[in-house]
Amino acid sequence: MGLGGCIALIGIGAILAFATDWQMDSVNVDLVGWIMMLVGLIGVFVYVSIARRRRMIVPPTTTTVIPEEERRYP
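All values reported here derive from a predicted model rather than from experimental measurement.

## A look at the packing of aromatic side chains
Argument step 1. Taken as a whole and judged by the stated rule, the model has one aromatic pair.
Argument step 2. Centroid distance Phe-18 to Trp-34: 5.4 Å. Interplanar angle 85°. Geometry classified as edge-to-face. Of this pair, Phe-18 sits in helix H1 (residues 3-19) while Trp-34 sits in helix H2 (residues 29-55), and the two are 16 residues apart along the sequence.
Argument step 3. Accessibility expressed as a relative area gives 56% for Phe-18, which makes it exposed.
Argument step 4. With a relative accessible area of 48%, Trp-34 lands in the partly exposed category.

In structure tokens form, the structure reads like this:
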């Protein structure tokens, strides 16, 4: 799930938790909203940690090549 999906989960969960007054016999809509917001926040944190790991700059290892005529043998 991408960052957009996580933000959508947070938004839809907030609408269900705070902006609706639906009453259902078998489902607590407020609790479903809170769960969706929690899952969205976890998704954002996971996405950010993966994106940070991908952006890490690793310095390349360089090897020095010495021509044959400049090498010193003991």
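## Some points on the environment of Val-32
Argument step 1. For Val-32, the location among the structural elements is in helix H2.
Argument step 2. In this structure Val-32 comes out as partly exposed when scored by relative accessible area, which is 31%.
Argument step 3. Along the chain, Val-32 and Ala-14 lie 18 residues apart, while their C-alpha atoms are 9.8 Å from each other.
Argument step 4. Contacts of Val-32, omitting those with residues within four sequence positions, involve Leu-16 and Val-27.

## Re the environment of Ala-17
Argument step 1. Along the polypeptide, Ala-17 turns up in helix H1.
Argument step 2. Of the residues examined, Ala-17 reaches a relative accessible area of 11% and is grouped as buried.
Argument step 3. Taking the C-alpha atoms as reference, Ala-17 lies 9.3 Å from Met-36; in sequence the two are 19 residues apart.
Argument step 4. Setting aside anything within four residues of it in sequence, one finds Ala-17 in contact with Asp-30, Gly-33, Trp-34 and Met-37.

Conventions adopted
Residues numbered from 1 in each chain as written. Predicted model: local features only at pLDDT ≥ 70, side-chain atom pairs only at ≥ 80, totals over all residues. Heavy atoms only, no water. Phe/Tyr/Trp six-rings, centres within 6.5 Å; stacked < 30°, edge-to-face > 60°. Helix = DSSP H or I, 4+ residues; strand = E, 2+ residues; numbered from the N terminus. Buried < 20%, exposed > 50% of the residue type's maximum accessible area, 1.4 Å probe, protein only. Contact = heavy atoms within 4.5 Å.

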